[in-house]
Amino acid sequence: GENVEQHPSTLSVQEGDSAVIKCTYSDSASNYFPWYKQELGKGPQLIIDIRSNVGEKKDQRIAVTLNKTAKHFSLHITETQPEDSAVYFCAAVEAAGNKLTFGGGTRVLVKP
Amino acid sequence: KAGVTQTPRYLIKTRGQQVTLSCSPISGHRSVSWYQQTPGQGLQFLFEYFSETQRNKGNFPGRFSGRQFSNSRSEMNVSTLELGDSALYLCASSPGTALTELFFGEGSRLTVL
């Protein structure tokens, strides 16, 4: 089955700096890669996603890049703000079936 | 539009008991999936239902089961509870036919003593 690895597990950045989280996946058949943000006491919230036929997608301060050949994808947050502090999860959805595999999560702390 | 509603939010059980958790998806969403979240194992996929049919299941023992009703509401059941079943159980609904654009509830936190 699919295996998704996420790095780093924790990330501390100064407000205004950029944050980058990287994920690798094992199943070349996976074709959908979402990113979720989970704040304390809440369920994960979809913040951006990318499909396998696209190399990059941007939404305001957030961008995701995908390298299908290397089987890795990354989340980039620019001009970080304190409200960006949360746990971020990457995930991969297998094309063969409706099954979603999450990475281990990255706890991001933005210091004011 | 109301979000995904999970009940109960918190519950405490003892080993050997069973528990049923409920999930009401966003109106119009027919796909409902369940996840277990623990500090050690992270977020793990349990199963997914679409139009009352289980379409996929994660690597969990048979003690974990679920179902979906004709109104898309879903329940999951864990029998013969073990200490390791203590976790946050999250439900998500999706507007499409695949596990994309998931909308999560706030979860049911289960503690097994």
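See the structure shown above.
A. Region of the structure containing the pattern of salt bridges. Residue and element names in this part refer to chain A. Tallied over the full model, the rule gives ten salt bridges over all chains. For the salt bridge of Lys57 with Asp49, the shortest nitrogen-to-oxygen distance reads 2.8 Å. Judged by its relative accessible area of 36%, Lys57 is partly exposed. Note that Arg61 is salt-bridged to Asp84, the shortest N-O span being 2.9 Å. Here Arg61, found in the loop between β6 (56-59) and β7 (62-67), pairs with Asp84, found in the loop between β8 (72-77) and β9 (86-94); they are 23 residues apart in sequence, far enough to count as distant. For Arg61, a relative accessible area of 21% translates into the label partly exposed. Look at Asp84 and you get buried, because its relative accessible area is 7%.

B. Structural detail: the sheet that holds strand β7 (residues 64-68) of chain B. All names here are of chain B. Spatially, β1-β3-β8-β7 is the arrangement adopted by the four strands of the open sheet, whose pairing is antiparallel. Strands at the two margins of the open sheet, each flanked by one partner only, are β1 (5-7) and β7. Direction aside, the axes of adjacent strands within the sheet are offset by 15° on average. Judged from the three bridges that link them, β1 and strand β3 (residues 19-24) form a sheet pairing that is antiparallel. Looking at β3, one finds that Gln6 is bridged to Cys23.

C. Seen up close, the interface of chain A and chain B. If you look at the interface, chain A gives 17 residues, while chain B gives 22 residues. The three residues of chain A that bury the most area against chain B are Asn98, Lys99 and Phe102 of chain A, which together make up 39% of that side's buried surface. In this assembly, chain A and chain B are joined by zero salt bridges. Where chain A packs against chain B, one counts three residue pairs in polar contact (both at pLDDT 80 or more).

D. Examining unusual backbone geometry more closely. In this chain, His7 of chain A is followed by Pro8 of chain A through a cis amide linkage whose omega measures -5°. Along the chain, Pro8 of chain A turns up in the loop between β1 (4-7) and β2 (10-14). Residue Pro8 of chain B is bonded to the preceding Thr7 of chain B through a cis peptide linkage, with omega at -10°. Along the chain, the position of Pro8 of chain B falls in the loop between β1 and β2 (10-13). Despite not being glycine, Ser51 of chain B shows a phi value in the positive range, around 50°. Summarising the element assignment, Ser51 of chain B is placed in the loop between β5 (42-50) and β6 (53-57).

E. Geometry of the state of the cysteines. Counting across every chain of the model gives two disulfides over all chains. Between the sulfur atoms of Cys23 of chain A and its disulfide partner Cys90 of chain A the distance amounts to 1.9 Å. The sign of the S-S torsion, about -100°, decides the handedness of the disulfide formed by Cys23 of chain A and Cys90 of chain A: left-handed. Linking Cys23 of chain A in strand β3 (residues 19-25) with Cys90 of chain A in strand β9, this pair joins segments that are 67 residues apart in sequence. With respect to class, Cys23 of chain A is no different from Cys90 of chain A; both count as buried. There is a disulfide in this structure between Cys23 of chain B and Cys91 of chain B, and the S-S distance comes to 1.7 Å. One disulfide, between Cys23 of chain B and Cys91 of chain B, carries an S-S torsion of -55° and so falls in the left-handed class. With Cys23 of chain B in strand β3 and Cys91 of chain B in strand β9 (residues 87-94), this residue pair connects regions lying 68 residues apart in the sequence. Assessed through its relative accessible area of 0%, Cys23 of chain B is described here as buried.

Definitions and cut-offs
Here, residues in each chain are numbered from 1, in the same order as that chain's written sequence. Chain A is the first chain written and ligand 1 is the first ligand written, with later ones labelled in order. Note on the predicted model: pLDDT of at least 70 is required for a residue's local features to be given, and 80 or more for side-chain atom pairs to be given and counted; whole-chain, interface and lining totals, by contrast, use all residues. Calculation of side-chain values draws on the structure's entire complement of heavy atoms; hydrogens and water are dropped beforehand. Salt bridges, as used here, are contacts in which a Lys or Arg side-chain nitrogen is within 4 Å of a carboxyl oxygen on Asp or Glu. Only protein chains enter the area calculation, which uses a 1.4 Å probe; residues under 20% of their type maximum are buried, those over 50% are exposed, and those in between are partly exposed. Secondary structure counts use DSSP, requiring at least four H or I residues in a row for a helix and at least two E residues in a row for a strand, with both numbered from the N terminus. One requirement defines pairing of two strands: DSSP has to find at least two bridges between them. Lines fitted to C-alpha atoms define the axes, with helix axes restricted to the stretch in contact, and inter-axis angles between N-to-C directions lie between 0 and 180 degrees. Working rule for contacts: check all heavy atoms of both residues, and any pair within 4.5 Å makes them a contact. Summed over both partners, the accessible area (1.4 Å probe) lost when two parts come together is defined as the buried area. Whenever two N or O atoms come within 3.5 Å, that pair is a polar contact, provided that in protein one can donate a hydrogen and the other can accept it, and provided that, for residues adjacent in sequence, both atoms are side-chain atoms. In this description, the term disulfide denotes a pair of cysteine sulfurs within 2.5 Å.

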